Amino acid sequence: MGEDKRLAAVVALAQGMAAARTPRESWQAAALGACHALDGSFAALSVWERELGRLRVLVNVGDRAPDEEEFPEAEAYPVHQFPEITEFLHERWAGGGGPNAWVETAAGTAAGTPGYFHQRVAALRRRGRGCCVVAPVVLHGRAWGELYVARPAGQPPFARADADFATVLGAVVAAGIAQTERLEEARRLAYTDALTGLANRRAVDVRLEEAVERHRAEGVAVSLVVCDLNGLKRVNDTLGHAVGDRLLERFGSVLSLCGAMVPGALAARLGGDEFCLLAVGQPADDVVKAADELCRRAGELELGEGVACGVASTEEPIGEVRDARRLFRLADAAQYRAKAMRLDRPVVAGREGPDDPVVRLADEQPPSRAERRRFRGRRA
């Protein structure tokens, strides 16, 4: 392959990884790009899981063998079977060298060889491949994993120049993975409450909009629990905000625990002393049970004064739910009723008959401003 074509292949690989929206897409773009760039028939990207002492395959692309899944759940190999990732790389770095790629063939070792490894050669033979080039992927100065590209038996084996080019591709893949990790961390922070580690209001808004769309299209049940932690202002005023933060963190843990009673439920802090649980596709009674347990456990928290809890579910007689906003208003109104009546149990919108006061309050025309606290100062 000429220099121009190799440069174009490097650019294409980098662009493919940059366009990826998820880690899986990034891994796939890395393997496909490297396979094309090296004129291979198969490629894989693996990560070194140090704590487990193994190489775990993230993606397989190209002409896969029957036992090779595209995104395998459990394809992993003890790292002692492929010691080059630890021993060879360490020796090269200790000697001032770089993490260069090498070639192996079904007949044995070849260009840039760290040594003969029976398992890798045996794997080539077993899967009808004639040779492979292995490029270390180094991230933040440490071996992260490896890029593997193979050709079928009967094709020309990789040469020294291919190994050198694979080294460059390994570096490009490492840069792409670093970018993906930064984006994933940014996404995580954008949808996570910094104090409690729960989801934040933005995450709830996105998930609730999607859930209500599914409800309208498929009839899927959507339930929302909104709760207000009582006594936080008193704790902040008398004991300080550091103690108040600990109370919020403790309640967040209780909310997470109770949310786990409902499979797939999202536990979130909306802001201040307000939290919620969002459940999709689960029976309303199960959500109410979790809310009831939340009230019980919150009442046992040291320093706190329990929690006011409201539930709104599309399974209850609350009328048509056309948008996420109405479900939020119903849960919020139910929460306010629980607070106003100083109840130690959840209030469920729609369960007080045809003229349910919660539904009536929620469906009144709200003030022109404010999404939250709109029911304060109004009758429950």
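For the structure itself, look to the data block above.
I will try to describe carefully the structure that is included in this document. Because the structure is predicted, anything quoted here is derived from the model rather than measured.

## As for the environment of L327
Within the secondary structure, L327 sits in helix α10 (residues 324–340). L327 gets classed as buried once you look at its relative accessible area, which sits at 0%. The spatial distance from the C-alpha of L327 to the C-alpha of V311 is 9.3 Å, given a sequence separation of 16 residues. Residue contacts for L327: discarding those within four places in its chain leaves L208, V222, L224, A312, S313, T314, I318 and V321.

## Describing the packing of helix α1 (residues 3–18) against helix α5 (residues 160–190)
Two numbers describe how α1 lies on α5: the axes approach to 9 Å, and their chain directions differ by 20 degrees. Taken together, α1 and α5 sit at an angle that is classed as roughly parallel. Relative to α5, α1 is oriented so that their crossing is right-handed. Residues R6, A9, V10, L13, A14, M17 and A18 of α1 form the contact with α5, whose own contacting residues are A161, D162, F165, V168, L169, V172, V173, G176, I177 and Q179. Of the residues in the contact of α1 with α5, the class split is 13 nonpolar, two polar and two charged.

## What about the nonpolar core?
Of all hydrophobic cores here, the largest spans 38 residues; its most connected members are L45, V133, L169 and V173. The biggest single contributor to this core is α5, with nine residues. The residues touching V133, leaving out its near neighbours within four places in the chain, are L38, A101, W102, V103, L147, Y148, V149, F158, D162, A163 and A166. Grouped together as the second largest cluster of nonpolar side chains are 34 residues, L208, A308, I318 and A324 included.

## Notes on the sheet that holds strand β11 (residues 307–313)
As summarised here, the arrangement of the five strands in space is β9-β10-β8-β11-β12, forming an open sheet in which the pairing is mixed. Either end of the sheet is taken by a strand with one partner, and the two such strands are β9 (266–271) and β12 (347–348). The pairing of strand β8 (residues 222–229) with strand β10 (residues 274–280) spans seven bridges and is classified as antiparallel. Across the sheet, the residue bridging to V225 is L277, located in β10. Taken strand by strand, helix α6 (residues 201–218) contacts β8, β9 and β10, and its axis lies near 125 degrees from that of β9.

Criteria and thresholds
- Residues numbered from 1 in each chain as written.
- Predicted model: local features only at pLDDT ≥ 70, side-chain atom pairs only at ≥ 80, totals over all residues.
- Heavy atoms only, no water.
- Helix = DSSP H or I, 4+ residues; strand = E, 2+ residues; numbered from the N terminus.
- Buried < 20%, exposed > 50% of the residue type's maximum accessible area, 1.4 Å probe, protein only.
- Contact = heavy atoms within 4.5 Å.
- Axes fitted to C-alpha atoms, helices over the stretch in contact; angles between N-to-C directions.
- Parallel < 35°, antiparallel > 145°, perpendicular 65-115°, else oblique.
- Left-handed = near helix turned anticlockwise from the far one by under 90°.
- Nonpolar A, V, L, I, M, F, W, Y, C, P; charged D, E, K, R; others polar.
- Core = buried A, V, L, I, M, F, W, Y, C linked by side-chain atoms within 4.5 Å.
- Pairing = 2+ DSSP bridges.

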